[in-house]
Amino acid sequence: MIVLNGKWKEEIQESFNYESKEGLFSENRCEFLAQIWHQSMMAFDSPREIQVVIDNEDKLHISFGSASFVSFDEEPSGLKLPIKCWIHTHPSGSAYFSGTDRKTIDTWKPMMFSAIVLGDNQHQVWTKSSDKVIHYQYKIKTVRPYLSHKEMSIRNGLWEEE
């Protein structure tokens, strides 16, 4: 494993320091969540899961794993319960709470308020207060130049000169 960005944790922390905590649960991906996703995809030689635990004192506990699994190698030092939010990425692209994720939520449910899983242009949120999962798919706006019928036909190799 090669780390391409030696400051990946600091960049996540910095985005958290300047972000409104309420933005975590909106339908749009806030800068903090975007930074976690970005580091998951770009900070290492290949995409890797990253997890961020926000403890009761708003301290971040951050770790990374493989492309499909993340854990803490040792218990995070100074973690203050309850956990406000457990965030992790699925660099494979899909934002869903896997069986392993659901077991983690079930284990920590008495001491955790929320969980978020990030995927490519989507995320899911679980909150203890509702005990429901909400899936958000982001709208992606693509702007392309208008091509006339003739231009499209030429591009697709279908145009024949008369």
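Throughout, a residue's number is its position along its own chain's written sequence, starting from 1. Per-residue local features are limited, in this predicted model, to residues with pLDDT of at least 70; the limit for side-chain atom pairs, both in listing and counting, is 80 or more; totals at the level of whole chains, interfaces and linings are taken over all residues. Side-chain metrics in this entry use all non-hydrogen atoms of the structure; hydrogen atoms and water are not considered.

Draft legend 1. Layout of the overall build of the chain. Regarding its fold elements, the chain presents 4 helices and 6 strands. Helix and strand definitions follow DSSP, with helices as H or I runs of at least four residues and strands as E runs of at least two, each counted in order from the N terminus. Start at the N end of the chain and walk to the C end: the helices and strands fall as α-α-β-β-β-α-β-β-β-α. Any pair of residues with heavy atoms lying within 4.5 Å of one another is described as a contacting pair. Pairs at least 24 apart in sequence give 52% of the contacts found in the chain among residues at least 6 apart. Of the accessible surface of the chain, which amounts to about 10200 Å², a share of 51% is contributed by carbon and sulfur atoms. The Shrake-Rupley method, run with a 1.4 Å probe sphere, supplies the accessible areas, and residue values consider only the shown protein chains as cover.

Draft legend 2. Broad picture of the nonpolar core. The criterion is simple. A nonpolar core is a set of buried Ala, Val, Leu, Ile, Met, Phe, Trp, Tyr and Cys residues joined through side-chain atoms within 4.5 Å. Remark: exposure states derive from per-residue accessible area (1.4 Å probe, protein chains only) relative to the maximum for the residue type, with buried under 20%, exposed over 50%, and partly exposed in between. If you look at the biggest cluster of nonpolar residues, it comprises 23 residues, and the most contacted ones within it are I12, F32, L33, I36, V52 and I87. Those elements giving two or more residues to this core turn out to be α1 (8–17), α2 (31–42), β1 (50–54), β2 (60–64), β3 (85–89) and β4 (114–119). The biggest single contributor to this core is α2, with 4 residues. Ignoring anything within four residues of it in the chain, the contact list for I12 reads F32, Q35, I36, Q39, I50, V52, L60 and I62.

Draft legend 3. Structural view of the pairing of β4. Most of β4 sits inside the fold, with 6 of its 6 residues counted as buried. Two strands pair when backbone bridges link them, and β3 and β4 are joined in this way by 4 bridges, in the parallel orientation. From the neighbouring strand, T89 faces β4, where its bridge partner is L118. A crossover counts as right-handed when, viewed with the strands pointing away from the observer, the path leading from the first strand over the helix to the second turns clockwise. Between β3 and its parallel partner β4, the chain crosses via helix α3 (residues 99–108), and the hand of that crossover is right-handed. Following DSSP output, two strands are said to pair if at least two bridges run between them.

Draft legend 4. Local environment of the pattern of salt bridges. When a carboxyl oxygen of Asp or Glu is within 4 Å of a side-chain nitrogen of Lys or Arg, the pair counts as a salt bridge. In total, this model carries 3 salt bridges according to the counting rule given. The partner of K84 in a salt bridge is D58, and the shortest N-O contact between them spans 3.0 Å. Taken together, the residues span a long stretch of sequence, with K84 in the loop between β2 and β3 and D58 in the loop between β1 and β2 at a distance of 26 residues. Here K84 falls in the partly exposed class, since its relative accessible area comes to 30%. Overall, the relative accessible area of 29% leaves D58 in the partly exposed class. K109 is the salt-bridge partner of D131, the closest N and O atoms lying 3.3 Å from each other. Highlighted residues: D131 in the loop between β5 (122–127) and β6 (132–137) and K109 in the loop between α3 and β4, separated in sequence by 22 residues.

Draft legend 5. Representation of the side chain of S63. With respect to the helices, strands and loops of the structure, S63 is situated in strand β2. Identification of polar contacts relies on pairs of N or O atoms within 3.5 Å, with a donor-acceptor requirement for protein atoms, meaning one able to donate a hydrogen and the other able to accept it, and with residues adjacent in sequence counted only if both atoms are side-chain atoms. Among the polar contacts listed, one links the side chain of S63 to the backbone oxygen of S71, at a separation of 3.1 Å. Ignoring any residue separated from it by four or fewer positions in sequence, one finds S63 in contact with W8, E49, I50, Q51, V70, S71 and F72.

Draft legend 6. Here's a closer look at the environment of C85. Within the secondary structure, C85 sits in strand β3. Between the C-alpha atom of C85 and that of D55, which follows or precedes it by 30 residues, the distance is 7.2 Å.

Draft legend 7. Quick look at the sheet that holds β3. If you walk across this open sheet you meet the 6 strands as β2-β1-β3-β4-β5-β6, and the pairing is mixed. At either margin of the open sheet sits one strand with a lone partner, and together these are β2 and β6. Mean inter-strand twist for the sheet, computed between neighbouring axes without regard to direction, equals 15°. Sheet contacts for α1: β1 and β2; angle to β2, the most-contacted strand, approximately 145°. Axes here mean lines fitted to C-alpha atoms, for a helix over just the part in contact, with angles spanning 0 to 180 degrees between N-to-C directions.

Draft legend 8. Representation of the packing of α1 against α2. Following both chains from N to C, one finds α1 and α2 inclined at 170°, their axes separated by 8 Å at the closest point. With respect to α2, the axis of α1 lies roughly antiparallel. When α1 is examined against α2, the residues W8, E11, I12, S15 and F16 are found in contact with a partner set consisting of E31, F32, Q35, I36 and Q39. Gly is placed with the polar residues, together with every amino acid not listed as nonpolar (Ala, Val, Leu, Ile, Met, Phe, Trp, Tyr, Cys and Pro) or charged (Asp, Glu, Lys and Arg). For the contact of α1 with α2, the class distribution of residues is 5 nonpolar, 3 polar and 2 charged. When an angle is under 35 degrees it counts as roughly parallel; over 145 it counts as roughly antiparallel; between 65 and 115 it counts as roughly perpendicular; any other value is oblique.

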